[in-house]
Amino acid sequence: MRQIQDIKAIDFSKEDGLVPAIIQDNNTGKVLMLGYMNEAALEQTLDSGKVTFFSRSKQRLWTKGETSENFLNLVSISPDCDQDALLVKVNPEGPTCHLGDDTCWEESNENNLQFLGHLTEVIKERRQKSPEESYVARLFSKGINKVAQKVGEEAVEVVIEAKDSDDNLFLNESADLLFHYMMLLEAKGFTLNDVISVLKERHK
C-alpha cells in the first residue's frame, strides 16, 4: 500500500482545496467515518498523530476528539491512485460518531477475525525481542522443535477440556492452542492466510 511521501503530491484542486479522508480502524478493518482534509489538516494530522479535519460547517480545522476526547490516533495515511482521496488507518479512543455509535453507520466496531492479523504482527515483533523480556522470543529461541512440541501440548489440553463441562477452560485452552499454532506458522515462514488459501482451494 502506498504511503504519503510528499504532501504537495496530494491533489487538493478538485473540491475547493479539500480531499475526502476515509477513516478505518487499523485493527478491525471497519470504516468509521468520512471526513475532509485540506493541506493544513493533513499537516497537523501528520505532526500531532491525532486525526484532524477541515470542518465545512465551521470553516476551520478540528481535531476529532477535541471536545469528546474520543481521539483517532493515527497509524498510517495512504493516497488513492489519483492522489485525491486518503485512506486513514487509526486506533480510535471510544466511539467515533457524534451520536455515540462506534461508526457513523451505526455499526459495532468489531471484527474478531481481523484481530488475528494484528496478532500475527505482534508475534513477528515480539520474536525480535530478547528472551528475557518476551515469552514469544524465549520460546522461539529454543528452536522450532520446542514450538511444535508446545502446540502438541496445547492440543492435548484442548482435547481434555472438550470432554469436560467447563466451557471457560475449554475456550482458554483453545486460545492457547491457536496462539502457539500461529507461532509455529511464523517459525515455518507462513501465516494463517496461507492456511486459508489451502482451504479455499479445497473448497472449489
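The rules behind the values
Residues numbered from 1 in each chain as written. Predicted model: local features only at pLDDT ≥ 70, side-chain atom pairs only at ≥ 80, totals over all residues. Heavy atoms only, no water. Salt bridge = Lys/Arg side-chain N within 4 Å of Asp/Glu carboxyl O. Helix = DSSP H or I, 4+ residues; strand = E, 2+ residues; numbered from the N terminus. Buried < 20%, exposed > 50% of the residue type's maximum accessible area, 1.4 Å probe, protein only. Patch = residues over 30% accessible without salt bridge, like charges linked within 9 Å, V, L, I, M, F, W, Y side chains within 5 Å. Areas by Shrake-Rupley, 256 points an atom, 1.4 Å probe, with all protein chains shown as cover. Domains from an automatic or database assignment. Pairing = 2+ DSSP bridges.

The name that an unreviewed UniProt entry assigns to the protein chain is Histidine biosynthesis bifunctional protein HisIE, with the source organism given as Roseivirga spongicola.

1. A short note on the pattern of salt bridges
Two side chains carrying opposite charge are able to pair once their charged atoms lie near each other. Evaluated as defined, the whole model comprises 10 salt bridges. Residues E186 and R127 are paired through a salt bridge, measuring 3.1 Å at the closest nitrogen-oxygen approach. On the criterion of sequence distance, the pair formed by E186 in helix α5 (residues 167-188) and R127 in helix α2 (residues 112-127) is long-range, its members being 59 residues apart. You can call E186 buried: its relative accessible area is 11%. In this structure, K150 and E153 form a salt bridge, with 4.0 Å as the shortest nitrogen-oxygen distance. Placement of both K150 and E153 in helix α4 (residues 144-162) is noted, with a separation of three residues, approximately one turn of the helix. The exposure class of K150 is partly exposed, given its relative accessible area of 23%. Because the salt bridges share partners, they merge into one network encompassing K124, R127 and E186.

2. Some details on a nonpolar patch on the surface
Side chains of I22, V31, L34 and W105 sit close together on the surface and give an oily, nonpolar patch of about 360 Å² of accessible area. Looking at where L34 falls in the secondary structure, it is placed in strand β2 (residues 31-37).

3. Quick notes on the domain arrangement of the protein chain
Its domain assignment divides the protein chain into domain 1 (7-92) and domain 2 (112-203). For domain 1 and domain 2, the distance between their C-alpha centres works out to 36 Å.

4. Section: the pairing of strand β6 (residues 86-92)
By the bridge criterion, five bridges tie strand β1 (residues 19-25) to β6 in an arrangement that is parallel. What sits directly across from I23, in β6, is V88. Here strand β5 (residues 72-79) pairs with β6 via seven bridges, running antiparallel. Note on β6: the bridge partner recorded for S76 is K89. Hairpin connection from β5 to β6: six residues lie between these consecutive antiparallel strands, with Q83 at a positive phi of about 60°.

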